[in-house]
4 protein chains.
Amino acid sequence: MTESQTLLPPDEFIISRLGDCTHPSPMRGMAFTPDNDGVLYHTLKTEIQPYQEQGLDLPAFEMAGPRETIFFDPDILSCGIVTCGGLCPGLNDVIRAIVLSLYHHYGVRKVFGFRYGFEGLNPSYYHTPLDLTPTLVGGIHQKGGSVLGSSRGPQDPKIMVDTLVHLGIGLLFVIGGDGTLRGAEAIAREIERRDLRIGVISIPKTIDNDICNVDISFGYETAVAESRRSTSTAHVEAIGARNGIGLVKLMGRESGFIAAAATLANNEVNFCLIPEVPFSLDVFLKALEKRLRLRGHAVIVVGEGAGQSLFDDNLGADASGNRKLGDIGHLLKDRIKSYFQAQAMDISLKYIDPSYMIRSTAASASDSAFCLQLGQYAVHAGMSGRTNMLVGHWNNQFTHVPIPMAVQSRKKVDPQGKLWASVLASTGQPINML
Amino acid sequence: MTESQTLLPPDEFIISRLGDCTHPSPMRGMAFTPDNDGVLYHTLKTEIQPYQEQGLDLPAFEMAGPRETIFFDPDILSCGIVTCGGLCPGLNDVIRAIVLSLYHHYGVRKVFGFRYGFEGLNPSYYHTPLDLTPTLVGGIHQKGGSVLGSSRGPQDPKIMVDTLVHLGIGLLFVIGGDGTLRGAEAIAREIERRDLRIGVISIPKTIDNDICNVDISFGYETAVAESRRSTSTAHVEAIGARNGIGLVKLMGRESGFIAAAATLANNEVNFCLIPEVPFSLDVFLKALEKRLRLRGHAVIVVGEGAGQSLFDDNLGADASGNRKLGDIGHLLKDRIKSYFQAQAMDISLKYIDPSYMIRSTAASASDSAFCLQLGQYAVHAGMSGRTNMLVGHWNNQFTHVPIPMAVQSRKKVDPQGKLWASVLASTGQPINML
Amino acid sequence: MTESQTLLPPDEFIISRLGDCTHPSPMRGMAFTPDNDGVLYHTLKTEIQPYQEQGLDLPAFEMAGPRETIFFDPDILSCGIVTCGGLCPGLNDVIRAIVLSLYHHYGVRKVFGFRYGFEGLNPSYYHTPLDLTPTLVGGIHQKGGSVLGSSRGPQDPKIMVDTLVHLGIGLLFVIGGDGTLRGAEAIAREIERRDLRIGVISIPKTIDNDICNVDISFGYETAVAESRRSTSTAHVEAIGARNGIGLVKLMGRESGFIAAAATLANNEVNFCLIPEVPFSLDVFLKALEKRLRLRGHAVIVVGEGAGQSLFDDNLGADASGNRKLGDIGHLLKDRIKSYFQAQAMDISLKYIDPSYMIRSTAASASDSAFCLQLGQYAVHAGMSGRTNMLVGHWNNQFTHVPIPMAVQSRKKVDPQGKLWASVLASTGQPINML
Amino acid sequence: MTESQTLLPPDEFIISRLGDCTHPSPMRGMAFTPDNDGVLYHTLKTEIQPYQEQGLDLPAFEMAGPRETIFFDPDILSCGIVTCGGLCPGLNDVIRAIVLSLYHHYGVRKVFGFRYGFEGLNPSYYHTPLDLTPTLVGGIHQKGGSVLGSSRGPQDPKIMVDTLVHLGIGLLFVIGGDGTLRGAEAIAREIERRDLRIGVISIPKTIDNDICNVDISFGYETAVAESRRSTSTAHVEAIGARNGIGLVKLMGRESGFIAAAATLANNEVNFCLIPEVPFSLDVFLKALEKRLRLRGHAVIVVGEGAGQSLFDDNLGADASGNRKLGDIGHLLKDRIKSYFQAQAMDISLKYIDPSYMIRSTAASASDSAFCLQLGQYAVHAGMSGRTNMLVGHWNNQFTHVPIPMAVQSRKKVDPQGKLWASVLASTGQPINML
């Protein structure tokens, strides 16, 4: 769903490897994925034209899948898994899929589950790792959250690599967002600096669906489904009162995908505000007044990163290193109230912030199936000696993506693109509120 | 579930009537309820003993049900329905049941649906009443909220009775909470003062389940079910972080029924705080610290009216005339954070306030069936000429309750009773936190 | 909800005891329930009148609750739990509540979980009992089914008591339906014959809600909620086709409570057929035709035990000893099709049998809270030396019910009572279809 | 997710048009889609290689989207909508989206809703069309089914075109499956034969997700989500009994996508049987026995079109012209029972067929958003004068697909592809059961 492009050199897509694959895969009878196929980066005629005109190869992601020969000897391999950052539907599904695939597909017998994010790789926190067995992970996918726990913020890569060496770990699976991916890259670089044979495979976790060069991330679809519950609530409250206003703050620090998709999924949203599309408070309030005078109620969805220009410059950063955001939900709530108070117009505003209820839910069926595959493909990638990469998804295929490609920028809703056009068409809100 | 008692004179239970029933009921072939049966007020041997010793009659509610002869002539009767106060699951079910019962059981052909609470009975608001037909109400029970809309606060009974007279309404159904019931009583008294033949029948609406002399009110069961979603969220977030704390504020201004029942329904709540059981902040915080040091996470449920002694005296009243409450959720959130900050103990607190998501949900199956019957019994009561009463529920029976009996005080959780004992047993929290 | 009555002698209500209570309860600080209070059996004025006229004591159930002194020494007590018969929502909740109450309230440290029903008490099946610890049962209430497994049919009481003696069990909790309760009684009698000090406490499990002298049983409310999903399906399918008919078979071998309550919960059901109300196929088919010609679609709910007179006499018995029922769902499906075929009227019938999907679901919030209390009260009863009884519920109180009182007959929907009247009023079906 | 390929000539992708676009689109301020862009058919490096080697253009679908100039004058245009075949989640969403887009984006004021499928276009059925207004369709997306009703089977294209002419319809939207698409093509050809200016735009409806050259169809994701409820049921029942077997029949006449995806979404399925992968009953039964002896329970998912070689040759066709299928669910149930009976092994088999409950459910959030866009793109396509095409989806883009391309064959699960490999990896079932 990336909606803009630049010409990409094919070597940006190359995946690092720990060494040659010399062990035959124990996965007998399955169709193996060859190393030389790829998933085209571009899908539109107009996108590939410049490459064709310049006689360039079309860029493509390496295709994920089990390889016929593998790098690690499963009999002596120990692995580790760590989950970082905020909760996201599907974390337990991914953990479970990695463990079961390591055990059943490759015969790996030791998987450490590090507790509470990168803290768990720093011995000074005294978090004893879990021993992740098929029995322990058997039913965890039916619960939200992460059995490993999580935390925000980085740890010293040197200390973390020391821990991996100390525990004899050959393959580390890192599940987390933008900051976590940078942390995984730092670990991979430290491993390379020491010339160790330890692979680092990531699975991007972003409920906001904002990781670059990955068309959809796990948990996002569940988040949209849960968000619809909140927007429905807002609608019921709005129509239940004279000049009722339902205001819902949804997730989306940099990117408004959840707010946009929840708007399309509900169809009763009248205003959708996202970080990518700036708006003037005055213009918005006047449009809201017009709506109330015409229809008697209104539903507003706002992504948490929207309208940041309405706040003072610098609010600092949180433990994950993310820029602190102004609380747009409360700002809107206050400004809407004072606006209508100023003109003696009675309103009834209900403010809804479902964030944690969304983050902690168990994965939907399609997310659950998606996580299962992500976990399996991560294991295949790791066993084949890939490192410093993440398992992505692109045009119905699972892909290998170099971490630098994924963290170079955020994926955003294109204000000129089709998703936003559908939102505008669905809400009927003014196309320009500046 | 009232858990205390005093000796009650039988005449408190007498229901006002508009006059003699002279019309045969058009409900052919059904079993009619006689006027002379009653539902015993007391259910325990120890409760009835004092009556027996003093040779007193056992007090009993009049039993709800269709009567063989009725007061109103359905052919010329017009009715009205009004919903007041905050949203509550089941409002649309009750509206629908009243309309369908009036039409199909009695042949009434005109039902006004007043908009936005008592405002709708005051012509100066210009709210045109809806014409409630079976077609219009056919599918409304599948949606949360109220098709009539609602508002808080009283209106002048004189003006409202003028409206009833002006529209030729013989029977008014009033759905609302404590304040609304007082409003209904005021209307009934004004009608009596003018010696009019207009009945006023109420159906108590209290998501808090705190109406006196009614053992369960509609919407409460749905609210508990939805509350469990929040406490589950809190638990997932709590175990997902080191020293994770999930704090959930649930409804319950005066009575902690929802908080208590949600605690029993989840079983993963560690502290349940309700208005009826005072606590010392210090004792609570120390108990919380102990829990965290032992188990690493905690889930806290707090009813919105709990801990009000922690606030300054008088916060004023809202539009419904209810005493304004201090925001115990935010107070606890702040105090917990500062307590652990003071001792340099890292915690991760997630605060969840699901109020609107609970209020706006559609009724659960059992609430839906309950509302259907409440509506039907309200119609039977109204057609028989009863007035100034509400339809209650007591020991598996539907009852007629004089409004004064219902508004004399609030139903509360008995700190010495079995419900609270089960909560204490389930949470393991200190029995006394003073 | 019992709707008929006979004069009951008070001694029918007496609960058997193993001996005197000599140990102080370890539940400090809780309000204990005295032995001498009781829950009145009757709740209506007309019901108690004959007792008063004859100067008889009003019959009452013994009240459930923790006693101040107990029979067993928790330090040396071992307990067992067994679940029998078909699955029912809440089984795991009850198991969990018993285990946690035994551990945390009384300090019992050994609880055997017998596998696959009474088979688990017969060593010839080689089912090793589970060691039920708080950790093992911690999260089981979030899943449907029974962690112990279940089976149908009796085992020799002598062998089962041998097993209890062999394992040193002092208290056996039996969760099951009518047949299981008879089995529990047989065990209790065999224990008495041998003059052993082993208590047998039952918790009645009947998704049909048909256990006598218990006003509601666990799982029933969840079953009604799930049933509504099926009736909604039937309605959607019915209106989606010309002369669409949605036919839903619901549970209810002897009693139509689920079918009746699901009808009230959905409000779009046009015909509700239950075992207690016989009907003529011809009359029903003509009423159905009339409905189709008028409205173009129809929804029918049929309890599995309805219309048994349409089958040949004796179909034998199943493993639980229950009379085999004719398959009324398929019979109706076939007869409806041939009826309309005979008159060349095109219909589109969709047949839905959701039985297993209902039985296997996890308990709803209110059922979950109910099961928690049932389990706790069962433990309190058992620790106090009660035996050959079950934990019941009556007029908002938990009660002790002698097993013979519960199995003497089935609780049924009264065709002259209020529940059925509400169903008739809601469906508009002919009052008499004979 | 098509997993095989042949070289495709670009002209297969050309969309028929009624004439030149001469009216400016009334959609001001939106980004219009140019006519000359396209969505690449192929996404893999190995797929495009042969084209590059032969110097051929890469085939591409025309891209869906609003055009700057349109064919029809909205002021005088009347439209029609018809839904055919079995119910599918999202039908009402699509109807609603078409109506709202016609009204709000283009100003069309007359939309006929034909009742009960193609029957509604044949006057001899006397089905009066609905007048589809924004008010009427406002809330229909919250309900399952189709407000228009549906039916199976074709009608004479001549008669249907007569109806379109008679009602002055310029644009017909046809929502249905394989047979319906052929019907739409027949209508389009008849229109062309008469040289009329009537457009026919289809939206493919196939809960089985088996329409060729469309990567995902609406309702499929919801169906998988609902299917998981059934497989979870089967698992609960299976583990609840000694040698418990849960057998679930899911939809999938020709293609096993639902069965495969439900297997991945549940992760507790042990055998997945689909039409594309033949199996020997003996081999399957032996594998099942092995599983039971090792683990004591098993869950089996079978697509309805699986194992058809086990039935006699020709079972005829249904009203839609689809080949009648042997009932593989009941066959497996019977054969499993007799197999284990023959070796005196006690089993407990529960058979679950959730078909109607799945078909009648309301669309999930992501399906709802998907349907909204499908409806909008169908309107854009129709207004631009396209005809004899359907709105598809390919690699995250909405596309125009000539109907002949979509009905030339069925989309199937590739037994050598990645989806099936994931199923095999997840179930652990034998790779080959022949």
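Predicted model only: the values in this text are computed from it and were never measured. (Residues numbered from 1 in each chain as written. Chains lettered and ligands numbered in written order. Predicted model: local features only at pLDDT ≥ 70, side-chain atom pairs only at ≥ 80, totals over all residues. Heavy atoms only, no water.)

**Student:** Please set out the side chain of Thr231(A) residue by residue, giving values where relevant.
**Tutor:** Residue and element names in this part refer to chain A. Positionally, Thr 231 belongs in helix α6 (residues 220-239). A relative accessible area of 0% means that Thr 231 is categorised as buried. A polar atom in the side chain of Thr 231 sits 3.1 Å from the side chain of Asn 266. Setting aside its immediate chain neighbours within four residues, Thr 231 contacts Val 248, Ala 262, Asn 266, Val 269, Val 299 and Val 301. (Helix = DSSP H or I, 4+ residues; strand = E, 2+ residues; numbered from the N terminus. Buried < 20%, exposed > 50% of the residue type's maximum accessible area, 1.4 Å probe, protein only. Polar contact = N/O pair within 3.5 Å; in protein donor to acceptor, adjacent residues only side chain to side chain. Contact = heavy atoms within 4.5 Å.)

**Student:** Any chance you could break down the pattern of salt bridges for me, citing the residues and the numbers?
**Tutor:** Under the definition given, this model contains 88 salt bridges over all chains. Two residues, Arg194(A) and Glu190(A), come together in a salt bridge whose shortest N-O distance is 2.7 Å. A salt bridge links Glu289(D) to Arg293(D); its shortest N-O distance comes to 2.9 Å. Here Glu289(D) pairs with Arg293(D), and both are found in helix α8 (residues 281-295), just four residues apart, close to one helical turn. Each of Arg17(A), Asp35(A), Glu62(A), Arg67(A) and Arg386(A) takes part in salt bridges that share partners, so that together they form one network. (Salt bridge = Lys/Arg side-chain N within 4 Å of Asp/Glu carboxyl O.)

**Student:** Before we move on, could you go through the domain arrangement of chain A and cite the residues and values that matter?
**Tutor:** Many authors give the size of an interface as the accessible area that is lost as the parts come together. All names here are of chain A. Assigned domains within chain A: domain 1 (38-218 + 363-406) and domain 2 (223-360 + 415-427). A straight line from the C-alpha centre of domain 1 to that of domain 2 covers 33 Å. Contact with domain 2 buries surface across domain 1, with Arg 152, Ile 207 and Asp 208 losing the most and accounting together for 49% of the total. Across the contact surface, domain 1 and domain 2 share zero salt bridges. Put simply, domain 1 and domain 2 have three residue pairs in polar contact (both at pLDDT 80 or more) between them. (Domains from an automatic or database assignment. Buried area = accessible area lost by both parts, 1.4 Å probe.)

**Student:** Go over the packing of aromatic side chains, please, and point to the residues and values.
**Tutor:** Here the distance between the centres and the angle between the planes together describe a pair of aromatic rings. All chains considered together, the criterion is met by 48 aromatic pairs over all chains. With 5.7 Å between their ring centres and 35 degrees between their planes, Phe370(B) and Phe398(B) make a pair best called tilted. Here Phe370(B) is found in helix α11 (residues 365-383), whereas its partner Phe398(B) is found in strand β17 (residues 397-402), with 28 residues between them in sequence. By the burial criterion, Phe370(B) is buried, and Phe398(B) matches it. Ring centres 5.3 Å apart and planes at 70 degrees place the aromatic pair Phe61(D) and Trp394(D) in the edge-to-face group. Placement of the pair is Phe61(D) in strand β4 (residues 60-63) and Trp394(D) in strand β16 (residues 389-394), with a sequence separation of 333 residues. With respect to burial, Phe61(D) and Trp394(D) carry one shared label: buried. Pairwise contacts between aromatic rings join Phe13(A), Tyr41(A), Phe61(A) and Trp394(A) into one cluster. (Phe/Tyr/Trp six-rings, centres within 6.5 Å; stacked < 30°, edge-to-face > 60°.)

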